[in-house]
Amino acid sequence: MLLFTITLGGLLLMMGHHSRSEALFYYFRLEDQVPENHLLRLIDRHVNLDFIRTKLKECYSDAGRPSIDPELLLRMLLVGYLYGVTSERKLVEELRMHLAWRWFTGLGFDQEIPHHSTFSKNRHGRFQESNLFQEIFEEIVARCVEAGLVKGEHMSVDGSFIQANADHHSRVPREQLAEVAKVNHTVREYLVELERENPVEAPVVQQEKISTTDPDSTYATKGGPARLGYYDNYLVDNASCVIVGVQATPARLSQESVAARAMIERYRERYGYLPQTLAADTTYGNGELLQWLDDRGITPYIRVKEGPNSPPDLYGIEKFTYVPEENCYLCPAGKPLNYVGINKRNRAHRYYSTVKRCQGCEQKPQCTRGKFRTIAIHTCEAARQKADDLAKTPEFAVALRKRRNVEALFAELKNYIGLRRLRLRRMRFVREQFYLAATAQNLKRLVRFLSCKPTPQMATA
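Quick caveat, the model's predicted, so the values are computed rather than measured. (Residues numbered from 1 in each chain as written. Predicted model: local features only at pLDDT ≥ 70, side-chain atom pairs only at ≥ 80, totals over all residues. Heavy atoms only, no water.)

For soluble globular proteins, nonpolar side chains are generally found buried alongside one another. In this structure, Tyr234 and Phe434 are the most contacted members of the largest nonpolar core, which totals 93 residues. With 11 residues, helix H18 (residues 427–452) is the largest single contributor of residues to this core. For Phe434, the residues in contact, after removing those within four places along its chain, are Ile162, Tyr230, Tyr231, Asp232, Val246, Ala248, Leu419 and Leu422. With 9 residues, the next largest nonpolar core counts Phe320, Cys367, Ile375 and Ile377 among its residues. (Core = buried A, V, L, I, M, F, W, Y, C linked by side-chain atoms within 4.5 Å. Buried < 20%, exposed > 50% of the residue type's maximum accessible area, 1.4 Å probe, protein only. Helix = DSSP H or I, 4+ residues; strand = E, 2+ residues; numbered from the N terminus. Contact = heavy atoms within 4.5 Å.)

Written as structure tokens, this is what we have:
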């Protein structure tokens, strides 16, 4: 440090000058550079990740050169998702400069950082074969349950559209896929999978055009212009805001209800019980899901989707009387509407009057604008009615406020973790990103809960 004395108008100024010279050696420990309340230190203190080696033990040979430690690779990936670096190439570059990241991964300055291509090799090999990312996610959820963080009584479910790493101009008609496969490896691999007796992923049959860049992605719109993407579905414990279920699905609204059932069943398989209530938005308010929840004793705090009911200025279903012996309805004028079958498109029982019965009826202007009156009764109407009655209770308003926690988790996913647009392609690798992101979100909540929880020594003091 050099000091300069400058005299200005009779005033003496002492101006310091910092020399940018670099020392030849530095003596310090990485351990001393990471604060006690740092997120990575809390994770390392409260969460033992040794189970990763146990889960992958069968995927490694007993002979040959020792491989890179799989726990090291997973720690590096978790650091990336915890701090919004989803690119492995950039993650390796950043790891060289971050002391806390090096400490958490156990990489000293004299140790070589794995090449970014190592992640891709393991992703297509051991990690994929072992279903590792789902197991890691479920292991962290299990620890949340053991710690008493997850109550499992009241849950919420929702899905969010995540844009695929593909442009909508990459789509071609399905009939042209065979021709494109001659020069495109991704399409060729996709067609081979479709020809298998048990394909890796179920094809999305609704699409007339397929992306040659990411054939599993779906062209859809949700709150914006149509894009290629997937749905990331979360099942969340309301009490703790911990994600207890993750499901990657094609970007179809119908898939959200399918994912909700799958996540709830998976939770029951692992922990032996179902939630008491489930909150969701109107997208989930279809009769089939409401009936499924009712059959399992789960109270649905979900607004019912609009059914094929009459306009508000005409007679509603409450004006008609059901006659179970004849399976028909009587209109306010006492004339029958006979059963004609089920409409498979909207899953509704149809009851029709006739032109002759309705012609000349004094109440026809208040009953129908057509030539005769029809009634559509959903096959799960009883469950729909229960859900509609629940929507008028104070408990419904409370559950609706709790459901917003799911939207906050998706905001964290996109804004802080950086998963607004996917980096990997194909459903199996998209699923990896969703599991790792949810694991990172749960780890934050788990270690903060454990760090605030009194230790046995504190409890007895």
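Turning next to the pairing of strand S15 (residues 374–378). One face of the sheet, then the other: side chains in a regular strand alternate in exactly this way. The element S15 is extensively covered by neighbouring structure, given that 4 of its 5 residues are classed as buried. For strand S14 (residues 348–352) and S15, the ladder comprises 5 bridges, and the chain directions are antiparallel. Along S15, the bridge assignment pairs His349 with Ile377. (Pairing = 2+ DSSP bridges.)

Here we come to the packing of aromatic side chains. Counted by the stated rule, this structure contains 11 aromatic pairs. Consider the rings of Tyr83 and Trp101, whose centres lie 5.5 Å apart with planes at 35°: the pair is tilted. Of this pair, Tyr83 sits in the loop between helix H4 (70–82) and helix H5 (88–95) while Trp101 sits in helix H6 (residues 99–105), and the two are 18 residues apart along the sequence. With relative accessibility at 32%, the residue Tyr83 sits in the partly exposed group. Taking the relative accessible area as the measure of exposure, Trp101 reaches 6% and is therefore buried. Look at Tyr322 and Tyr329: their rings are 5.0 Å apart centre to centre, the planes differ by 50°, and that puts the pair in the tilted class. On the basis of relative accessible area, Tyr322 is assigned to the partly exposed category, the value being 37%. For Tyr329, a relative accessible area of 11% puts it in the buried group. Linked through ring pairs, Tyr322, Tyr329, Tyr339 and Tyr351 together constitute an aromatic cluster. For the cation-ring pair, Arg171 lies above Tyr219, with the distance from its terminal atom to the ring centre recorded as 3.7 Å. (Phe/Tyr/Trp six-rings, centres within 6.5 Å; stacked < 30°, edge-to-face > 60°. Lys NZ or Arg CZ within 6 Å of the ring centre and 35° of its normal.)

In spatial order, the strands read S11-S12-S13-S14-S15; together these 5 strands make up an open sheet with antiparallel pairing. What marks the edges here is a single partner per strand, and that holds for strand S11 (321–323) and S15. Sheet twist, expressed as the mean angle between neighbouring strand axes with direction ignored, is 30°. Judged from the 3 bridges that link them, S11 and strand S12 (residues 328–330) form a sheet pairing that is antiparallel. Within S12, the residue paired with Thr321 across the bridge is Leu330. (Axes fitted to C-alpha atoms, helices over the stretch in contact; angles between N-to-C directions.)

Mean pLDDT over the chain works out to 83, with 85% of the residues at or above the 70 mark. Predicted confidence for residues 456–461 stays below pLDDT 50, and this span has 0 contacts to residues more than four positions away or in other chains. (pLDDT = per-residue confidence, 0-100.)

Attention now moves to the packing of helix H2 (residues 39–46) against H18. For the pair H2 and H18, interaxial distance at closest approach is 9 Å and the crossing angle is 75°. What the angle tells us is that H2 and H18 run roughly perpendicular. On the side of H2, the interface is formed by Leu39, Leu42, Ile43 and His46, while H18 contributes Leu443, Lys444, Val447, Leu450 and Ser451. Tallied by class, residues from the contact of H2 with H18 come to 6 nonpolar, 2 polar and 1 charged. (Parallel < 35°, antiparallel > 145°, perpendicular 65-115°, else oblique. Nonpolar A, V, L, I, M, F, W, Y, C, P; charged D, E, K, R; others polar.)

Another point: the pairing of S14. Bridge count for strand S13 (residues 336–343) against S14 is 5 bridges, and the pairing is antiparallel. Note that in S14 the partner of Asn338 across the bridge is Tyr352. Count of turn residues in the S13/S14 antiparallel hairpin: 4 residues, of which Arg347 carries a positive phi of about 50°.

In this section: empty space enclosed by the protein. Under the defined criterion, the tally for this structure stands at 3 cavities of 30 Å³ or more. Considering only enclosed or pocket space, the largest cavity measures out at about 120 Å³ in volume. Taken together, 15 residues line the largest cavity, and the ones lying closest to its centre are Cys331, Ala333, Cys358, Cys361 and Cys367. Going through the elements one at a time, helix H14 (355–358) and helix H15 (364–367) are the ones with two or more residues in the lining of the largest cavity. Of the residues belonging to the lining of the largest cavity, the class tally is 8 nonpolar, 3 polar and 4 charged. Each pocket or cavity is described by its volume, and for the second largest cavity that value is around 50 Å³. (1 Å grid on protein atoms, 1.4 Å probe; cavity = no way out; pocket = protein on both sides within 12 Å on 5 of 7 lines; lining within 4 Å. Points joined across faces, edges and corners; volume = space filled by probe spheres on them.)

A positive phi is found at Cys241, a non-glycine position, where the angle reads about 65°. Residue Asn327 is not a glycine yet carries a positive backbone phi of 50°. Under the relative-accessibility criterion, Asn327 is labelled partly exposed at 25%.

Angle between the axes and distance between the axes are the two parameters that describe a pair of packed helices. Their axes nearest at 10 Å, the elements helix H12 (residues 253–271) and helix H13 (residues 287–295) cross at an angle of 15°. In terms of orientation, H12 lies roughly parallel with respect to H13. Note that H12 runs across H13; the crossing there is left-handed. Side by side, H12 and H13 meet where Ser257, Arg261, Ile264 and Glu265 of the first sit next to Leu289, Trp292 and Leu293 of the second. Its residues assigned to classes, the contact of H12 with H13 shows 4 nonpolar, 1 polar and 2 charged. (Left-handed = near helix turned anticlockwise from the far one by under 90°.)

The next subject is the state of the cysteines. Under the defined criterion, the tally for this structure stands at 0 disulfides. The thiol sulfur of Cys331 is not disulfide-bonded, and the nearest other cysteine sulfur, from Cys361, lies at 5.9 Å. With relative accessibility at 14%, the residue Cys331 sits in the buried group. (Disulfide = S-S within 2.5 Å.)

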